[in-house]
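# Analysis of the macromolecular model
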Amino acid sequence: MQPAPFPLSRPRRLRRTRVLRELARETHLSRRDLVAPLFVKEGIDEPVPISSMPGHHQHTLESLRKEAAELAALGVPALLLFGVPAHKDAEGSQAWAPEGIVQQALRALTADLGDEVALVGDLCLCEYTDHGHCGLLQDGGAVANDATLQRYARIAVAQAEAGAAVIAPSGMMDGQVGAIRAALDDAGFADTAILAYAAKYASGLYGPFREAAEGAPRFGDRTGYQMDPANADEALREVALDVAEGADMVMVKPALAYLDVLWRVKQAFGLPTAAYHVSGEYAMVKAAAERGWVDGDRVMLEVLTGIRRAGADLVVTYFAREAAPLL
Ligand code: PBG
Ligand code: ZN
């Protein structure tokens with residue numbers, strides 16, 4: 001871009017009043033950019049507060065329906081659903097069971113809200129396996145890629161049958177998008193979209209989520225399948241693979257520590273691009289605000305705007321509920 005020296009010689013002209021600042025604003029944050037993650041737990045009678053994520057709960061089906069309706073009424077266009085089953089096993093079979101908790105939730109929300117909101121099913125196994133890894137284990141404890149893909153295919157079909165408009169695979173198995181696309185097409189769900197967690201890093205910022213989803217690995221960590229935080233070129237290769245396999249939208253996760261990656265992904269592919277402002281990022285703002293160390297609302301909007309400015313079309317955020325009325 002060529003600089004325009006004369007008018008820009010006094011940039012403060014456009015900062016003088018609120019309306020002038022609005023006229024000059026480059027990035028717009030709207031409630032329609034937000035995706036709200038929600039947790040639904042099987043076998044509880046009351047919603048359970050998540051202590052490390054103030055304002056969030058593990059929902060019952062009933063409290064989930066109420067929360068979803070309120071978010072829809074606030075104009076939040078999409079909900080990302082995570083399930084916490086009552087029973088876990090080595091395979092994570094509740095993830096694809098027709099009566100699994102997320103399938104129940106998807107059916108209930110489809111009945112309540114129809115196409116008013118896009119229901120997005122997070123597709124992974126870590127909430128459902130007794131060992132807490134995102135896939136099946138092979139001898140020695142490593143996650144078996146291709147055996148896991150078969151289970152992911154089943155989950156995708158189960159979620160689509162239950163009403164998910166979008167399937168969001170988050171397990172970082174190689175080939176997951178292709179396997180899910182093929183399974184959906186074979187089962188008659190050619191119109192079900194895929195939001196690929198394409199560049200998902202092995203991050204310390206997922207801590208509070210693991211309380212919410214009860215999906216912490218019982219041994220080891222996820223560095224064998226999630227990305228090394230030091231790598232950005234590799235993220236572009238990951239996205240390229242997911243696009244080639246049929247991803248309709250791609251995601252970078254977490255958000256703030258990876259804004260360079262987000263920028264490059266949006267520039268390189270031009271696809272609808274989401275950023276996941278994750279649980280630890282939310283918790284940091286909340287904790288500092290609780291102590292009076294930062295102005296929580298102001299930092300919330302600044303952070304979400306920054307993520308948009310870096311190229312995100314959509315921001316998955318636990319702030320959706322609080323931010324929407326301010327936008
Ligand atoms: C699991 C999953 C995680 C998140 C979304 N899906 C945690 C992990 O990979 O350990 C993190 C979301 C958050 O921290 O808000 N596949
Ligand atoms: Zn997982």
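Residues numbered from 1 in each chain as written. Chains lettered and ligands numbered in written order. Predicted model: local features only at pLDDT ≥ 70, side-chain atom pairs only at ≥ 80, totals over all residues. Heavy atoms only, no water.

Once that is clear, we can look at the overall build of the protein chain. Regarding its fold elements, the protein chain presents 12 helices and 10 strands. Computed over C-alpha atoms, the radius of gyration of the protein chain comes to 20 Å, within 12% of the 20 Å expected from 2.2 N^0.38 for 327 residues, which places it in the range of a compact globule. Overall size of the protein chain, expressed as C-alpha extent along the three principal axes, is 65 × 40 × 40 Å. Counting only contacts in the protein chain whose residues sit at least 6 apart along the sequence, the fraction spanning at least 24 positions is 74%. Total accessible area computed for the protein chain in this model is approximately 14800 Å², and 53% of it derives from carbon and sulfur atoms. (Helix = DSSP H or I, 4+ residues; strand = E, 2+ residues; numbered from the N terminus. Rg over C-alpha atoms; globule rule 2.2 N^0.38 Å. Contact = heavy atoms within 4.5 Å. Areas by Shrake-Rupley, 256 points an atom, 1.4 Å probe, with all protein chains shown as cover.)

Right, let's talk about the coordination of the zinc ion (ligand 2) for a bit. For the zinc ion (ligand 2), the protein coordination sphere consists of Cys124 (SG), Cys126 (SG) and Cys134 (SG), at 2.2 to 2.3 Å. Taken together, the 4 donor atoms coordinating the zinc ion (ligand 2) span angles of 96 to 122° at the metal, a pattern that classifies the geometry as tetrahedral. Within one chain, the residues serving as donors to the zinc ion (ligand 2) are arranged as C-x1-C-x7-C. We classify cysteine 134 as buried; its relative accessible area is 0%. (Donors = N, O, S within 2.8 Å, 3.2 Å for Na, K, Ca; no water. Tetrahedral: all angles 85-135°; square planar, octahedral: opposite > 155°, others 65-115°. Buried < 20%, exposed > 50% of the residue type's maximum accessible area, 1.4 Å probe, protein only.)

Now for the pairing of strand 7 (residues 193-200). Counting buried residues along strand 7, 8 of its 8 residues qualify, which places the element largely inside the surrounding structure. Two elements, strand 6 (residues 166-169) and strand 7, share 2 bridges in a ladder whose sense is parallel. Counted as the bridge partner of isoleucine 167 is isoleucine 194 from strand 7. The parallel pair strand 6 and strand 7, bridged by helix 6 (residues 176-186), forms a crossover whose chirality is right-handed. Where strand 7 and strand 8 (residues 249-253) come together, 5 bridges link them in parallel fashion. Bridge pairing in strand 8 places leucine 195 opposite methionine 249. (Pairing = 2+ DSSP bridges. Right-handed = clockwise from strand over helix to strand, strands pointing away.)

With that out of the way, let us pick up the packing of aromatic side chains. One pass over the full model with this rule turns up 9 aromatic pairs. With centroids separated by 4.1 Å and ring planes inclined at 20°, the aromatic side chains of tyrosine 201 and tyrosine 258 adopt a geometry described as stacked. On the criterion of sequence distance, the pair formed by tyrosine 201 in the loop between strand 7 and helix 7 (207-213) and tyrosine 258 in the loop between strand 8 and helix 9 (259-269) is long-range, its members being 57 residues apart. With a relative accessible area of 0%, tyrosine 201 lands in the buried category. Taking the centre distance of 6.1 Å and the plane angle of 45° together, the rings of tyrosine 276 and tyrosine 318 count as tilted. Taken together, the residues tyrosine 276 in strand 9 (residues 273-277) and tyrosine 318 in the loop between strand 10 (314-317) and helix 12 (320-323) connect sequence positions 42 residues apart. On the basis of relative accessible area, tyrosine 276 is assigned to the buried category, the value being 1%. Judged by its relative accessible area of 2%, tyrosine 318 is buried. By the ring-pair criterion, three or more aromatic residues cluster together here, those being Phe39, Phe82, Tyr197, Phe209, Tyr276, Tyr282, Tyr318 and Phe319. A cation over a ring is seen here: arginine 154 above tryptophan 96, with NZ or CZ 5.0 Å from the ring centre. (Phe/Tyr/Trp six-rings, centres within 6.5 Å; stacked < 30°, edge-to-face > 60°. Lys NZ or Arg CZ within 6 Å of the ring centre and 35° of its normal.)

Within the element layout of this structure, leucine 38 appears in strand 1 (residues 34-41). Here leucine 38 is in contact with His59, Leu64, Glu67, Leu71, Leu79, Leu80, Leu81 and Phe82, once residues within four sequence places are set aside.

Moving on, we come to helix 10 (residues 279-290). Along its 12 residues, helix 10 runs 16 Å from first to last C-alpha, staying within 8% of the 16 Å computed at 1.5 Å per residue. Along its buried surface, helix 10 packs onto helix 7, strand 9, helix 11 (296-309) and helix 12. Phi for glycine 292, located one or two positions after helix 10, is positive at around 75°. (Expected span 1.5 Å × (residues − 1).)

Omega for the peptide link from lysine 253 to proline 254 comes to -10°, which places this bond in the cis form. The residue methionine 172 is not glycine, and still its phi comes out positive at about 60°. With respect to the helices and strands, methionine 172 occurs in the loop between strand 6 and helix 6. Since its relative accessible area comes to 5%, methionine 172 is described here as buried. Although it is not a glycine, glutamate 214 sits at a positive phi angle of roughly 50°. By the element assignment, glutamate 214 lies in the loop between helix 7 and helix 8 (233-245).

Geometry only, nothing functional implied.
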